[in-house]
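# Secondary and tertiary structure notes
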Amino acid sequence: MNLNDELSILRGIPLFSGIKPEALKLLAFASDRMIYQAGQNLFREGDQAGSAFIILSGTASIRHEVEGGQETVGVVAAHTVIGEVALFCDKPRQVTVTANSSLEALLITKDSFQKLMSSCPCSLSNILSELGEQMNQAN
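Reference entry: report on the structure contained in this document. (Residues numbered from 1 in each chain as written. Predicted model: local features only at pLDDT ≥ 70, side-chain atom pairs only at ≥ 80, totals over all residues. Heavy atoms only, no water.)

## Regarding the packing of helix α2 (residues 21-30) against helix α3 (residues 110-119)
Look at α2 against α3: their axes get within 10 Å of each other, and the N-to-C directions meet at 160°. Overall, the two elements α2 and α3 adopt an arrangement that is roughly antiparallel. Seen along the crossing, α2 lies across α3 with a hand that is right-handed. Every residue of α3 that contacts α2 at Ala-23, Leu-26, Leu-27 and Ala-30 is listed here: Ser-112, Phe-113 and Leu-116. (Axes fitted to C-alpha atoms, helices over the stretch in contact; angles between N-to-C directions. Helix = DSSP H or I, 4+ residues; strand = E, 2+ residues; numbered from the N terminus. Parallel < 35°, antiparallel > 145°, perpendicular 65-115°, else oblique. Left-handed = near helix turned anticlockwise from the far one by under 90°. Contact = heavy atoms within 4.5 Å.)

Here it is as structure tokens:
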């Protein structure tokens, strides 16, 4: 997968669709490509959050701690953002996300995201609007 593929994926994700193309390219450059094998955690419930992940390929299970173990609450697939709340606040992770298969993801740190947004504040308004819509649908 090359930069143009990553940009195409980013453009197709509602959270990032309002970002100008040049800013989106900077976001892709500032991201780290990560590869996980089946069974590896992208993050665990209770971990300090400082980044979001964009799944490029593969799937992952989202699990939540319950009395006596963990409960699967969802599955995410390619072209999905997970952990995006970490880009805006310093809260511990609320779930554990584990790769179901070989998984490739872009890791976006809070620091690089906030630097980008401070240089392109018009994009921030679109992102906050999309996050608000997601929160509304979740309720």
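Having seen the model, we can carry on.
## Regarding the pairing of strand β3 (residues 51-57)
Within a regular strand, side chains alternate between the sheet's two faces. Burial analysis of β3 places six of its seven residues in the buried class, the great majority of the element. Sheet topology places β3 next to strand β8 (residues 103-109); six bridges connect them, and they run antiparallel. When the bridges of β8 are listed, Ile-55 appears paired with Ala-105. With three bridges joining them, β3 and strand β6 (residues 80-82) adopt antiparallel strand pairing. Of the residues in β6, the one forming a bridge with Ile-54 is Val-81. (Buried < 20%, exposed > 50% of the residue type's maximum accessible area, 1.4 Å probe, protein only. Pairing = 2+ DSSP bridges.)

## A few points about the side chain of Ser-61
Assignment of secondary structure puts Ser-61 in strand β4 (residues 60-66). Separated by 2.8 Å, the side chains of Ser-61 and Asn-100 make a polar contact. The contacts of Ser-61, once residues within four sequence positions are left out, are Thr-72, Gly-74, Val-75, Thr-96, Val-97, Thr-98 and Asn-100. (Polar contact = N/O pair within 3.5 Å; in protein donor to acceptor, adjacent residues only side chain to side chain.)

## So, the pattern of salt bridges
Once their charged atoms are close, side chains differing in charge can pair, the charge on each being opposite to the other. Tallying each qualifying case throughout the model produces four salt bridges. For Lys-115, the salt bridge goes to Asp-111, with nearest N and O atoms at 3.2 Å. Linking Lys-115 with Asp-111, this pair stays in helix α3, spanning four residues, or about one helical turn. Overall, Asp-111 belongs to the partly exposed group, its relative accessible area being 49%. Within this structure, Glu-6, Arg-33 and Glu-104 form a network of salt bridges that share partners. (Salt bridge = Lys/Arg side-chain N within 4 Å of Asp/Glu carboxyl O.)

## Considerations on the nonpolar core
Counting residues in hydrophobic clusters, the biggest one holds 21 residues, and the most contacted among them are Phe-16, Leu-27 and Ile-54. Secondary structure elements with two or more residues in this core: α1 (3-12), α2, β3, β8 and α3. The greatest single-element share of this core, amounting to four residues, is contributed by α2. In contact with Ile-54, other than residues within four places in its own chain, are Ile-9, Leu-10, Ile-13, Phe-16, Thr-80, Val-81, Glu-104, Ala-105, Leu-106 and Ile-108. Counting 14 residues, the second-largest nonpolar core is a separate cluster that includes Ile-55, Ala-60, Val-76 and Ile-82. (Core = buried A, V, L, I, M, F, W, Y, C linked by side-chain atoms within 4.5 Å.)

Geometric values such as these leave the question of function open.
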